[in-house]
Amino acid sequence: MQDLIRINGVDIFPPDEGLSYEIESTYTEDSTRLQTGDLNAVPMFTVEQLSYTATDIPMEEATKILQMVGKGEGFTLHYFSVYYGGWRDGIFRVGKSNNISIGSLEENNEKLSSLSFNMTGDKPL
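Residues numbered from 1 in each chain as written. Predicted model: local features only at pLDDT ≥ 70, side-chain atom pairs only at ≥ 80, totals over all residues. Heavy atoms only, no water.

Draft legend 1. View of the overall build of the protein chain. Scanning the protein chain for helices and strands turns up one helix and 10 strands. Secondary structure elements in the protein chain, listed N-terminal to C-terminal, are β-β-β-β-β-β-α-β-β-β-β. C-alpha atoms of the protein chain, sized along the principal axes, occupy 60 × 35 × 25 Å. A buried classification covers 29% of the 125 residues belonging to the protein chain. Taking contacts inside the protein chain between residues at least 6 apart in sequence as the whole, the part at least 24 apart equals 61%. When the accessible surface of the protein chain is summed, it comes to about 8,100 Å², and 47% of that surface belongs to carbon and sulfur atoms. One way to put it: in the protein chain the 9 positive side-chain charges average out to a point 5 Å from where the 19 negative ones average out. (Helix = DSSP H or I, 4+ residues; strand = E, 2+ residues; numbered from the N terminus. Buried < 20%, exposed > 50% of the residue type's maximum accessible area, 1.4 Å probe, protein only. Contact = heavy atoms within 4.5 Å. Areas by Shrake-Rupley, 256 points an atom, 1.4 Å probe, with all protein chains shown as cover. Lys, Arg positive; Asp, Glu negative; His and termini not counted. Charge placed at Lys NZ, Arg CZ, Asp CG, Glu CD.)

Structure below.
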């Protein structure tokens, strides 16, 4: 049985090809790159980031997802972590959507042609 992507315990409309996965490190303000090209950096923390992209998504499903992630508040994401090598739950936030494109405004058949946003983990690795 395939694990599904869940937000706050609710199965969501499946992304087109899974979630795109990245890790992102934040460095101290005084981190710089020297003229020689060498990096003089002090890492503070690294977090997981995942990108959700779905196309041809019914408006009802898009609305359900956006109401769970669209306020900048933390939500529980059930996802596959490449870093930890397994399925887990973590607290994530969405700061800004990447793309929301309305595809059809036919009454009672509204659809988004695309919905995509990044989710950033609250806890460092």
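The discussion continues.
Draft legend 2. Molecular detail of the side chain of serine 116. With respect to the element layout, serine 116 can be found in strand 10 (residues 111-121). Residues contacting serine 116, with those up to four places away along its chain left out, are Tyr52, Thr53, Ser97, Asn98 and Asn99.

Draft legend 3. Main features of the pairing of strand 6 (residues 43-58). Looking at chain direction, strand 3 (residues 20-27) and strand 6 are connected through eight bridges and run antiparallel. Within strand 6, the residue paired with tyrosine 21 across the bridge is leucine 50. Two elements, strand 6 and strand 10, share nine bridges in a ladder whose sense is antiparallel. Counted as the bridge partner of tyrosine 52 is phenylalanine 117 from strand 10. (Pairing = 2+ DSSP bridges.)

Draft legend 4. View of a nonpolar patch on the surface. On the surface, a cluster of nonpolar side chains totalling about 390 Å² of accessible area is made up of Ile23, Tyr83, Tyr84 and Leu125. Mapped onto the secondary structure, leucine 125 falls in the segment after strand 10. Classification of leucine 125 as partly exposed rests on a relative accessible area of 32%. (Patch = residues over 30% accessible without salt bridge, like charges linked within 9 Å, V, L, I, M, F, W, Y side chains within 5 Å. Salt bridge = Lys/Arg side-chain N within 4 Å of Asp/Glu carboxyl O.)

Draft legend 5. Looking closely at the nonpolar core. Core analysis: the largest hydrophobic core is formed by 22 residues, its most contacted members being Tyr52, Ile57, Ile65, Leu77 and Met119. Mapped by element, the contributors of at least two residues to this core are strand 6, helix 1 (59-69), strand 7 (75-81) and strand 10. Not counting residues within four places of it along the chain, the set of residues in contact with isoleucine 65 comprises Ile7, Ile12, Phe13, Tyr52, Ile57 and Phe117. (Core = buried A, V, L, I, M, F, W, Y, C linked by side-chain atoms within 4.5 Å.)

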